[in-house]
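A closer look at the structure
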Amino acid sequence: MTAAPADVAVSATEQRPTPRRRIPVPHKAAIAVFIAPFGVLFVLFYLIPIVQAIWQSMLVVEREGTYGQATEVFGGLAQYALVFQNGPFWASVLRVLTFGIVQVPVMLGLALLFALLLDSPLVRGKKFFRLAFFVPYAVPGVIAAIMWGFMFSPNLSPFTALTKNVDFLGADLVLWSIANVVTWVFVGYNMLIIYSSLLSIPTEIYEAARLDGASQMRIAWSIKIPLVRPAILLTAVFSIIGTLQLLAEPQVFASFSSAVISTYTPNMTIYATASVPNSSLAAAFSVVLALATFALSFTFLKITQRKGDAE
């Protein structure tokens, strides 16, 4: 028995998805007014410098004769070829990657530990310790590096019995002395992010766990750490970006240690190249470093996301 044409038309109408009505956005002018300051600053101080750096990296300097006037002309990818042939730059990249592999997990581990301690009901004086952990971040990085540089210096340190026997500023240990400064400064900052995430967890979860007989250690391991995982990943990405941009601390330590040379980190290499001056090559270094930072951060997020989905 075949369906009547009217029935077929009705069923086709029922199966056809109804088009979604576009909800009008009220107060568009007000939204534009509030967004405009950010948009202007974003374009002026973010997009335009990026475009300028990319354009500058495409230029090369040409001279008419040996002592002729220098002119910048379009050179394509010539500067990038020099970047990939530059051994000191890639040695500095490898150095900061080694730095990050050790320093970032230690720093984030301490930040997580301090955040869990502050969130524990067994700890007293939380306001004092929260301020004490965060105060080093309020110290500018240059000041912190100078302070620790004096403490590591064999002749200036108040701990001469230690510094005269252990060369903290020597070629073998100066990188980890810098790591100590970075860790001291940024542990409190990362701790505050993780602690804020802990405060957003509903207390009913903890009460249910305690009724089931879970100890504070078990609650921290099985409930708190998994729930603050997004905050930990956020601080890890910030730390990866900061590691590749390391500049202030090694630059200060260069005045204390001869082991810290002008190409010790990628940013120091860029700064030294721009001071020659060779702004085009420095711009090419900057673009490559920015792309490497993006690739490393993106890869880290993808790997951790897959592990989270697998769990």
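The text that follows walks through the structure, step by step, so that each part is easy to find.

Definitions and cut-offs
- Residues numbered from 1 in each chain as written.
- Predicted model: local features only at pLDDT ≥ 70, side-chain atom pairs only at ≥ 80, totals over all residues.
- Heavy atoms only, no water.
- Helix = DSSP H or I, 4+ residues; strand = E, 2+ residues; numbered from the N terminus.
- Buried < 20%, exposed > 50% of the residue type's maximum accessible area, 1.4 Å probe, protein only.
- Contact = heavy atoms within 4.5 Å.
- Areas by Shrake-Rupley, 256 points an atom, 1.4 Å probe, with all protein chains shown as cover.
- Phe/Tyr/Trp six-rings, centres within 6.5 Å; stacked < 30°, edge-to-face > 60°.
- Axes fitted to C-alpha atoms, helices over the stretch in contact; angles between N-to-C directions.
- Left-handed = near helix turned anticlockwise from the far one by under 90°.
- Nonpolar A, V, L, I, M, F, W, Y, C, P; charged D, E, K, R; others polar.
- Patch = residues over 30% accessible without salt bridge, like charges linked within 9 Å, V, L, I, M, F, W, Y side chains within 5 Å.
- Salt bridge = Lys/Arg side-chain N within 4 Å of Asp/Glu carboxyl O.
- Core = buried A, V, L, I, M, F, W, Y, C linked by side-chain atoms within 4.5 Å.
- Lys, Arg positive; Asp, Glu negative; His and termini not counted.

Before going further, it helps to spend a moment on the overall build of the chain. Summing up its helical and strand segments, the chain has 14 helices and two strands in all. In terms of overall dimensions, the chain has C-alpha extents of about 95 × 70 × 45 Å along its principal axes. Residue burial in the chain is summarised as follows: out of 311 residues, 33% are buried. Counted over contacts in the chain with a minimum sequence separation of 6, partners at least 24 positions apart contribute 65%. With the model as given, the accessible surface of the chain reaches about 19,800 Å², and the carbon-plus-sulfur share is 68%.

What follows deals with the packing of aromatic side chains. The full count for this structure, using the stated rule, is 19 aromatic pairs. Ring centres of Trp-55 and Phe-74 lie 6.0 Å apart, and the angle between their planes is 25°; this geometry places the pair in the stacked category. With a gap of 19 residues between them, Trp-55 in helix H2 (residues 28–57) and Phe-74 in strand S2 (residues 70–74) connect regions that are remote in the sequence. Every member of this aromatic cluster is reached through a ring pair, and the members are Trp-148, Phe-150, Phe-152, Phe-168, Trp-184, Phe-253 and Phe-256.

Turning our eyes to something else, we now look at the side chain of Thr-163. Looking at the element boundaries, Thr-163 is found in helix H7 (residues 160–163). Those residues in contact with Thr-163 that sit more than four places away from it in its chain are Met-151, Phe-152, Ser-153, Pro-154, Ser-157 and Phe-168.

Two numbers describe how helix H4 (residues 87–119) lies on helix H11 (residues 229–244): the axes approach to 10 Å, and their chain directions differ by 145°. Considering the relative orientation of H4 and H11, their crossing is right-handed. Facing H4, whose interface residues are Val-96, Leu-97, Phe-99, Gly-100, Gln-103, Val-104, Met-107, Leu-108 and Leu-112, H11 presents Ile-232, Thr-235, Ala-236, Ser-239, Thr-243 and Leu-244. Taken together, the residues of the contact of H4 with H11 sort by class into ten nonpolar, five polar and no charged.

Attention now goes to a nonpolar patch on the surface. Judged by side-chain polarity, Phe-38, Val-40, Leu-41, Phe-42, Val-43, Leu-44, Phe-45, Tyr-46, Leu-47, Ile-48, Ile-50 and Ile-54 come together as a nonpolar surface patch covering roughly 1,100 Å² of accessible area. Topologically, Phe-38 is positioned in helix H2. Phe-38 sits in the exposed class, given a relative accessible area of 56%.

Moving on, we get to the nonpolar core. Among the nonpolar cores identified, the biggest contains 22 residues, and Ala-115, Met-191, Ile-194, Leu-198 and Val-228 are the most heavily contacted of them. Sorting the residues of this core by element identifies H4, helix H8 (174–199), helix H9 (203–211) and helix H10 (216–227) as the ones contributing at least two each. Element by element, the count of residues in this core is highest for H4, at nine residues. In contact with Met-191, not counting residues within four places along its chain, are Ala-111, Phe-114, Ala-115, Leu-118, Arg-130, Phe-133 and Phe-134. In terms of nonpolar packing, the next biggest core, distinct from the first, is built from 20 residues, Trp-148, Val-182, Val-252 and Phe-253 among them.

Bringing unusual backbone geometry into the picture now. Backbone phi values are negative for most residues with the exception of glycine, while trans is the configuration of most peptide bonds. A cis amide bond, omega 5°, links Val-276 with the succeeding residue Pro-277. Topologically, Pro-277 is positioned in the loop between helix H13 (266–274) and helix H14 (279–310).

The exposed category is assigned to Phe-74, whose relative accessible area is 55%. Taking the C-alpha atoms as reference, Phe-74 lies 48 Å from Met-191; in sequence the two are 117 residues apart. With near-sequence residues (within four places) excluded, Phe-74 lies in contact with Trp-55, Met-58 and Leu-59.

Let us now look at the side chain of Glu-249. Within the secondary structure, Glu-249 is located in helix H12 (residues 248–253). Of the buried charged residues, Glu-249 lacks a salt bridge, with Arg-95 as the closest side chain of opposite charge at 14 Å. When near neighbours in sequence (up to four residues on either side) are disregarded, Glu-249 contacts Gly-141, Ala-145, Ile-178, Val-181 and Val-182.

In short, the description is geometric, and any link to function would need to be established separately.
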